[in-house]
Amino acid sequence: MSLCLVANWKLNGSKEFNHQWALEFFKNFNGQNFSSIGIAPASIYIDHLKKVIADKSIKIGAQNIDLVETGPRTGEISASMIKDLGCEFSIIGHSERRILFHETNQIICHKLIQANNNFVVPILCVGESMQEKQDNTTFKVIEQQIIGALKDASELSAIIIAYEPVWAIGSGKIPNPKEINSMHEMIKDVVQSRFPKIGLESVLYGGSVNLENASCLFEQKNIDGALIGGSSLDGKEFALIANVFNDLRV
Ligand code: PEP
């Protein structure tokens, strides 16, 4: 089964955090379908988290990879390295990386190819800013981000897209779930019509997902799951969100 709920822990965590989180998560999660759940810790904790999660089939992934395989690039981590640690996916092109680390569609495209070459499923993040929303250009912006990232990577065997409005991330605000549903429909349409050789697995929503808004999001047909930042840091809340997803969708 494709990933449905992915935790993005960003720049948070420690070995102790991994243990506590797992304790809370397994105490509260009442589903069986571990393989639809993914966690992206800081890369330095991937190995430790894998051991803590042990035999459960929860997928572990990275928050970012480099755009090349090897070379004089101090501080970078490649797709083959995260694969070596047992990662199955990587978030790519998160808005924080686009904004803080100046990642362009071109760079993101190279990262998608690296992921694909190493059998790591990329989770490509796209999303409009508040200004772009106010200018009524959301549709165009998302379409351009998708085309810009995929036009030179048109034969990826698998990809997940996360629609994450920049203004919704960490703000406590979310778009109307019906609007998200239409956006996801459009994203599926754009990928399937323009890039028929790309295997689009699912379209996740990201931006201030929490236990209160989870059910109205997961009721929408085209919302295949969620990429969750802040609320995923609490193992119990993440488990309860996963329970809501399971009740509605599995
Ligand atoms: C994210 O940054 O990917 C995200 C969805 O964050 P949050 O859930 O905290 O808005």
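**Things to note about a nonpolar patch on the surface**
Together, Ile99, Leu100 and Phe101 give the surface a local cluster of nonpolar side chains, amounting to about 330 Å² of exposed area. Turning to its location among the elements, Phe101 is positioned in the loop between α4 (95-100) and α5 (105-117).

**Focus: the pairing of strand β1 (residues 5-8)**
Side-chain alternation along β1 places Leu5 and Ala7 on one buried face and Val6 and Asn8 on a second face that is also buried. The pairing of β1 with strand β2 (residues 37-40) spans four bridges and is classified as parallel. Bridge assignment links Val6 to a residue of β2, and that residue is Gly38. Crossover connection from β1 via helix α1 (residues 15-28) to parallel β2: handedness right-handed. Sheet analysis places β1 next to strand β8 (residues 226-228), joined by three bridges and oriented parallel. For Leu5, the partnering residue across the bridge sits in β8 and is Ala226.

About the criteria used
Residues numbered from 1 in each chain as written. Predicted model: local features only at pLDDT ≥ 70, side-chain atom pairs only at ≥ 80, totals over all residues. Heavy atoms only, no water. Patch = residues over 30% accessible without salt bridge, like charges linked within 9 Å, V, L, I, M, F, W, Y side chains within 5 Å. Areas by Shrake-Rupley, 256 points an atom, 1.4 Å probe, with all protein chains shown as cover. Salt bridge = Lys/Arg side-chain N within 4 Å of Asp/Glu carboxyl O. Helix = DSSP H or I, 4+ residues; strand = E, 2+ residues; numbered from the N terminus. Buried < 20%, exposed > 50% of the residue type's maximum accessible area, 1.4 Å probe, protein only. Pairing = 2+ DSSP bridges. Right-handed = clockwise from strand over helix to strand, strands pointing away.

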